[in-house]
Amino acid sequence: MGIREPFRFVNRKVIMFLRDRVCESPEELISSELFSEILSRFIGDLKNKESPLLEVFGKPVGEIGQADIQKLIRVCEVLSKMTLEAVPKLVEEGERLSGNPSLLLAFVEALYDYWRQFERYIVCDSTGDRLDQRPYRTFNSTIESLTHLVRQTYRDIEENITGQHPSIYRQVRAGAEMAVIALPKNVALPEESYQKLRNIPMIRQILLYPPLLLNPPMNKRTGKFERITQNPLDRIDVRPDEWLCYPAKVGPLLILVYIHEKFYELGLSLCNLFELADDEFLRRQIDAVFLFGVPGNALDGLASMPTVFCDDLKNNILTGFCPNQDQFGYFGYLKKMVLTLHNIKIMKEGKMPFHGAMVRIATKGIQPVTVLIVGDTGAGKSETLEAFRVIGENEIEEMIVIADDMGSLDIDHEGNVMGYGTEIGAFVRLDDLQPGYAFGQLDRSIIMNPSQVNARTVLPVTTYEHVMKGYYVDMVLYANNYEELDEEHPIIERFTTPDTALHVFREGTAMSKGTTTSTGLVHTYFVNIFGPIQYKTIHEEIAKRFFETFFKNRVFIGQLRTRLGIPGWERQGPEEAARALMKMISGKSG
């Protein structure tokens, strides 16, 4: 892989590349190349703001040069071990820099805050040294020790300036926020242009400190993913040192997600959504590859939107692509393209993908029931199920999440419809969750754009074992978030024929909640623009077969009116839907 620099700045990210060890003492940290770079950038920032903090140098701003920065580094080295009185004795012109202790203290605190404003990542590149065989020790000796060292150095300097110990110690994350162990893996990539991906390090372990607060460039997704005939991989220039590969177990599939460094924060958040493929899983045939954050203009002109995929029939592999422009810096593009590739592959195997939530509900004294709620983003699927969990707290023995957003249906040898999931996590809106729920899950969450509309969290909700086990489907409900209730429109309405049911699911009507750029009443084929709409002919045949099987097997098919899209019913609508569902399940199973 060649020698790469020890760190790299990408927008507001600092990526630190490690082979063996990090700094082990305050003196080593302060004399490091990264400390010097951070300090230089900080001073440049202060110059642009014309900050009074620069008065710490005791000279006009225009005269502050590299020699002054080096002197300040020397001052920090002394203060990491000795009190302020030692600075004039040990540093040339030290009295100029230490003459105003309160100003020096303010400068140090501002520098510390400046460092912590960056998103900080460590990549342990274990080529030639199998760090992935001892991940805990590796993480402990890098990310853990760096966090303690940065905090210790900051506190030592502050105490030596003030001569006092702080009375309150806040154990903020001062080192890296996420770390990965990554190494090149020999996986079964096809020949030709796929070999460009061969040397990209593959993530084997991830360590993170939740809750993580991330602020990606965008908080909405727009458009659908377009199928193209030419494989863009032929025209993309791939620099392996700018990428990491997250090998994802997406349901039964192996999808290699290649993340450009511009979007590391989004790519590494996949660990809360898809199970990381282990070595045994990596021996399988690769079902799809997805390059998220393609630099340059290689994707221009291929379709109306540069979020494209190609069905490589020759190599029996799907390829997906998304550019690294800010407008595509949203986790939804990453998640939904992966699921689109999954859905297409599943349809080719004769199975039916669904856009919805599936849970296995076991209540006291009643046979467990598997419920699938199909619905568009913002239709009230997750909200209803979460309300159900709260309302039925004393009755529910177990609620197993099989699929939070996407999954697939299959028909077994006995003709039963079986349900499977794709994700072990959920990507949910904070503002539509039950009060207290989001905070109860904070210790595992990755929160995105917390101060904006459509603030989201990525958090684990189930296990890969439940995703893949296969459960008999008892109820299939369409989440209707737009209709008011009356005598002819109850909360739960059962369909009487396959054609009636197919019509409602096919129309895919929903009131948009503004989580994408569409608003108002919208219609989406099977509320699933992620595969079925691009392969409509195949999907139509599959859907007819499955809906006929539902009715043949007396599976309950209907619609659930959540009213989530009706102003004023955002909370009460899903709650009442949950109560009706509880009543239905009790009656159905009793």
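Everything below is about the structure printed above this text.
What counts as what
- Residues numbered from 1 in each chain as written.
- Predicted model: local features only at pLDDT ≥ 70, side-chain atom pairs only at ≥ 80, totals over all residues.
- Heavy atoms only, no water.
- Phe/Tyr/Trp six-rings, centres within 6.5 Å; stacked < 30°, edge-to-face > 60°.
- Buried < 20%, exposed > 50% of the residue type's maximum accessible area, 1.4 Å probe, protein only.
- Lys NZ or Arg CZ within 6 Å of the ring centre and 35° of its normal.
- Axes fitted to C-alpha atoms, helices over the stretch in contact; angles between N-to-C directions.
- Helix = DSSP H or I, 4+ residues; strand = E, 2+ residues; numbered from the N terminus.
- Parallel < 35°, antiparallel > 145°, perpendicular 65-115°, else oblique.
- Contact = heavy atoms within 4.5 Å.
- Nonpolar A, V, L, I, M, F, W, Y, C, P; charged D, E, K, R; others polar.
- Core = buried A, V, L, I, M, F, W, Y, C linked by side-chain atoms within 4.5 Å.
- Left-handed = near helix turned anticlockwise from the far one by under 90°.
- Pairing = 2+ DSSP bridges.
- Arc of directions from axis to C-beta.

Caption draft 1: Representation of the packing of aromatic side chains within the structure. Applying the stated criterion across every chain, the model contains 22 aromatic pairs. Ring geometry for Tyr330 and Tyr333: centres 6.4 Å apart, planes at 90°, overall edge-to-face. The same class applies to Tyr330 and to Tyr333, which are both buried. Joined through ring pairs, the aromatic side chains of Phe7, Phe9, Phe42, Phe57, Phe107, Tyr114 and Phe118 make up one cluster. A cation over an aromatic ring shows up here: Arg456 above the ring of Phe427, its NZ or CZ 4.7 Å from the ring centre. It is Lys536 that lies over the ring of Tyr525; its NZ or CZ is 4.8 Å from the centre.

Caption draft 2: Representation of the packing of helix H2 (residues 33-49) against helix H6 (residues 101-117). Between H2 and H6, the shortest axis-to-axis distance is 10 Å and the interhelical angle comes to 105°. Comparing the axis directions of H2 and H6 gives the class roughly perpendicular. Where H2 abuts H6, its residues Leu34, Phe35, Ile38, Leu39, Arg41, Phe42, Ile43, Asp45 and Leu46 lie against Phe107, Ala110, Leu111, Tyr114 and Trp115. Among the residues forming the contact of H2 with H6, the class breakdown is 12 nonpolar, no polar and two charged.

Caption draft 3: Main features of the nonpolar core. Membership of the largest hydrophobic core comes to 84 residues, with the highest contact counts inside it found for Tyr246, Val257 and Leu409. Ranked by residues supplied to this core, first place goes to helix H9 (residues 331-348) with nine residues. Every residue in contact with Tyr246, bar those within four places of it in the chain, is listed here: Ile203, Ile206, Ile255, Leu256, Val257, Ile259, Gly267, Leu270, Cys271, Phe274, Glu275 and Leu276. By size, the runner-up hydrophobic cluster in this structure holds 58 residues, among which are Leu54, Ile69, Ala174 and Ala179.

Caption draft 4: Representation of the environment of Pro368 in the model. With respect to the secondary-structure elements, Pro368 resides in the loop between strand E14 (352-363) and strand E15 (369-374). Sequence separation between Pro368 and Met399 is 31 residues, and the spatial gap between their C-alpha atoms is 9.3 Å.

Caption draft 5: Expanded view of the side chain of Thr549. Within the secondary structure layout, Thr549 lies in helix H14 (residues 536-552). The contact partners of Thr549, leaving out residues within four places of it in the chain, are Ile411, Gly415 and Val417.

Caption draft 6: Local environment of the packing of helix H13 (residues 498-507) against H14. Taken N-terminus to C-terminus, the directions of H13 and H14 make an angle of 135°; their axes are 10 Å apart at the nearest point. Classified by the interaxial angle, the pair formed by H13 and H14 is oblique. H14 is crossed by H13, and the crossing has right-handed handedness. Where H13 approaches H14, its residues Pro498, Ala501, Leu502, Phe505 and Arg506 are matched on the opposing element by Glu540, Ala543, Lys544, Phe547 and Phe551. Looking at the contact of H13 with H14, its residues break down into seven nonpolar, no polar and three charged.

Caption draft 7: View of the pairing of strand E13 (residues 317-323). A large share of E13 lies buried, amounting to seven of its seven residues. Alternating positions in E13 separate into two faces, Ile317, Thr319, Phe321 and Pro323 on one and Leu318, Gly320 and Cys322 on the other, with burial throughout. Relative to E13, strand E11 (residues 288-294) runs parallel, the two being bridged by six bridges. Bridge pairing links Leu291 to Phe321 in E13. Both strand E12 (residues 308-312) and E13 contribute to a ladder of five bridges, which runs antiparallel. Residue pairing for E13: Asp312 is matched across the bridge by Ile317. A loop of four residues connects E12 with E13, the two strands running antiparallel in sequence, and Asn316 in this loop sits at a positive phi of about 55°.

Caption draft 8: Structural context of the sheet that holds strand E21 (residues 456-460). In spatial order, the strands read E6-E20-E21-E19; together these four strands make up an open sheet with mixed pairing. Taken across any chain shown, the strands that pair with only one partner, and hence form the sheet edges, are strand E6 (212-214) and strand E19 (425-429). Neighbour-to-neighbour, the strand axes of the sheet open up by a mean angle of 20°, direction not taken into account. Note: E19 against E21, five bridges, orientation antiparallel. Within E21, the residue paired with Phe427 across the bridge is Val458.

Caption draft 9: How the structure looks around H13. Listed as buried for H13 are Ala501, Leu502, Val504 and Phe505. What you see down the axis of H13 is that its buried residues fit within an arc of 165°, all on one side. In the core, the buried residues of H13 are packed alongside E15, strand E23 (475-480), H14 and strand E27 (556-561). Immediately downstream of H13, the backbone of Gly508 shows phi near 55°, a positive value.

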